[in-house]
Amino acid sequence: MANSDGRLTGKVAVITGAGKGIGRALAVGFAAEGASVCCAARTASDIDAVVSEIADSGGSAIAIQADVTSIDDMERMHKAAAGAFGGVDIVIANAGGNLERSRVETSDPDLWVETIDVNLKGAYYTAKTAIPHLKERGGGKIITVGSGIGHNGKISSSAYACAKAGEWMLTRVLAQELWEYNISVNELVPGPVSTPGAIAAWESEEGAVNAIESEWVKEAEDVLPIALFLVTQPDKGPTSQSFSLMRRDT
């Protein structure tokens with residue numbers, strides 16, 4: 001595969017939300033660096049397409065249809081990766097979404113809870129079920145994909161802000177708990193990424209006037225270099241840190 005240094009040769013990466021956007025970009029990029037990749041998402045056709053793309057380029061990947069809000073699905077996902085490739089070294093808790101974009105007063109309680117579930121509970125299930133596999137390998141990496149909103153809040157995004165704030169705290173607690181096992185846990189904050197519909201929704205949100213002009217609106221592939229930096233650090237390396245591609249707090 002072109003433009004690869006083989007930095008991840010021999011490593012096994014599990015990526016949730018791998019069917020599109022950042023997850024897809026990381027799956028393709030990690031495979032190009034030699035990793036065997038388990039691509040997980042709810043939509044089978046999306047991850048099948050990513051696996052086909054990786055295979056066509058000479059890489060190794062499997063597709064696992066799974067929902068991060070199901071702990072049974074997350075256990076099955078990690079077992080499938082370990083069964084196919086011999087273990088798990090890298091876990092990217094990427095699946096998420098902002099499903100409730102209203103002020104608290106007018107918000108839909110069901111969508112509010114669903115947003116918490118997919119972002120926070122999903123990250124918890126992803127990490128919890130990964131730990132035994134990472135320990136078996138003697139170390140590894142967990143990366144949670146966070147948001148500036150989880151650090152600073154935002155009008156009409158209370159559910160997403162609370163979920164991502166909780167995910168950031170989960171990242172720090174996991175880092176404390178797993179340090180002795182040579183497992184590092186860090187947060188990656190991509191900032192605005194030009195995925196289908198994302199920027200239009202971001203621009204239309206209350207309180208976002210002119211905010212987009214002062215940000216680097218990137219393509220999903222622009223997130224790959226910082227992700228590669230994190231997963232190529234020593235297992236006993238940086239942990240409990242937030243690495244951000246944002247230019248401003250938003």
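Report on the accompanying structure. Here the structure is a predicted model, which is why all the values come from computation and not from measurement. Within each chain, residues carry numbers counting from 1 in the order of the written sequence. With pLDDT at 70 or above as the cut-off, local features in this predicted model cover only qualifying residues; side-chain atom pairs require 80 or more to be listed or tallied, and sums for whole chains, interfaces and linings still use all residues. Excluding hydrogens and water, the side-chain figures rest on all heavy atoms present in the structure.

## A closer look at the packing of helix 1 (residues 21-32) against helix 8 (residues 224-231)
The relative placement of two packed helices is expressed as an angle between their axes plus a distance between the axes. Interaxial angles span 0 to 180 degrees and are taken between N-to-C directions of axes, which are lines fitted to C-alpha atoms, for helices over the stretch in contact. Helix and strand assignments come from DSSP, with helices taken as H or I runs of at least 4 residues and strands as E runs of at least 2, each series counted from the N terminus. Running from N to C, helix 1 and helix 8 cross one another at 55°; their axes reach a closest spacing of 10 Å. Between helix 1 and helix 8, the angle falls in the class oblique. Read as a crossing pair, helix 1 and helix 8 show a hand that is right-handed. Where helix 1 abuts helix 8, its residues A25, L26, G29 and F30 lie against L224, A227, L228 and V231. Of the residues in the contact of helix 1 with helix 8, the class split is seven nonpolar, one polar and no charged. For classification, angles of less than 35 degrees are called roughly parallel, those exceeding 145 degrees roughly antiparallel, those between 65 and 115 degrees roughly perpendicular, and all remaining angles oblique. Each helix crossing is assigned a hand: it is left-handed if the near helix lies turned anticlockwise from the far helix by less than a right angle, otherwise right-handed if that turn is clockwise. Should any heavy atoms of two residues lie within 4.5 Å, those residues are considered in contact. Residue polarity is assigned by list, with Asp, Glu, Lys and Arg as charged and Ala, Val, Leu, Ile, Met, Phe, Trp, Tyr, Cys and Pro as nonpolar; anything else, Gly included, falls into the polar class.

## So, the sheet that holds strand 2 (residues 36-41)
With parallel pairing, the seven strands of this open sheet are ordered in space as 3-2-1-4-5-6-7. Every other strand in the sheet has two partners, leaving strand 3 (60-65) and strand 7 (242-244) as the edge strands with one partner each. Each adjacent strand pair in this sheet contributes to an overall mean axis angle of 20°, direction not counted. A pair of strands is treated as paired once DSSP finds two or more bridges between them. With three bridges connecting them, strand 6 (residues 183-189) and strand 7 associate as parallel partners. Within strand 7, the residue paired with E187 across the bridge is S242. Across the sheet, helix 4 (residues 109-137) is in contact with strand 1 (12-16), strand 4 (90-93), strand 5 (140-145) and strand 6; its angle to strand 4 comes to roughly 175°. Against the sheet, helix 8 contacts strand 4, strand 5, strand 6 and strand 7, and its axis sits at roughly 145° relative to strand 5.

## With respect to the nonpolar core
Buried residues of nine kinds, namely Ala, Val, Leu, Ile, Met, Phe, Trp, Tyr and Cys, make up a nonpolar core once their side-chain atoms join them within 4.5 Å. Per-residue accessibility, obtained with a 1.4 Å probe over protein chains only, is compared with the maximum for each type, and a residue is labelled buried under 20%, exposed over 50%, and partly exposed between these values. Counting 35 residues, the largest nonpolar core has I15, F30, V37, C39, I92 and V231 as the members making the most contacts within it. For this core, the elements supplying multiple residues, two or more each, are strand 1, helix 1, strand 2, helix 2 (44-56), strand 4, strand 5 and helix 8. In this structure V37 touches A13, I15, A27, F30, A31, S60, A61, I62 and F85, once residues within four positions along its chain are discounted.

## Examining helix 3 (residues 71-85)
Expected helix span is given by 1.5 Å per residue-to-residue step, counting one fewer step than there are residues. Over its 15 residues, helix 3 extends 21 Å from the first C-alpha to the last, a length consistent with the 21 Å expected when each residue adds 1.5 Å. Turning to helix 3, its buried residues are D73, M74, M77, H78, A81 and A82. Buried residues in helix 3 make contact with strand 1, strand 2, strand 3, strand 4 and helix 4. G86, located one to two residues past helix 3, shows a positive phi value of around 95°.

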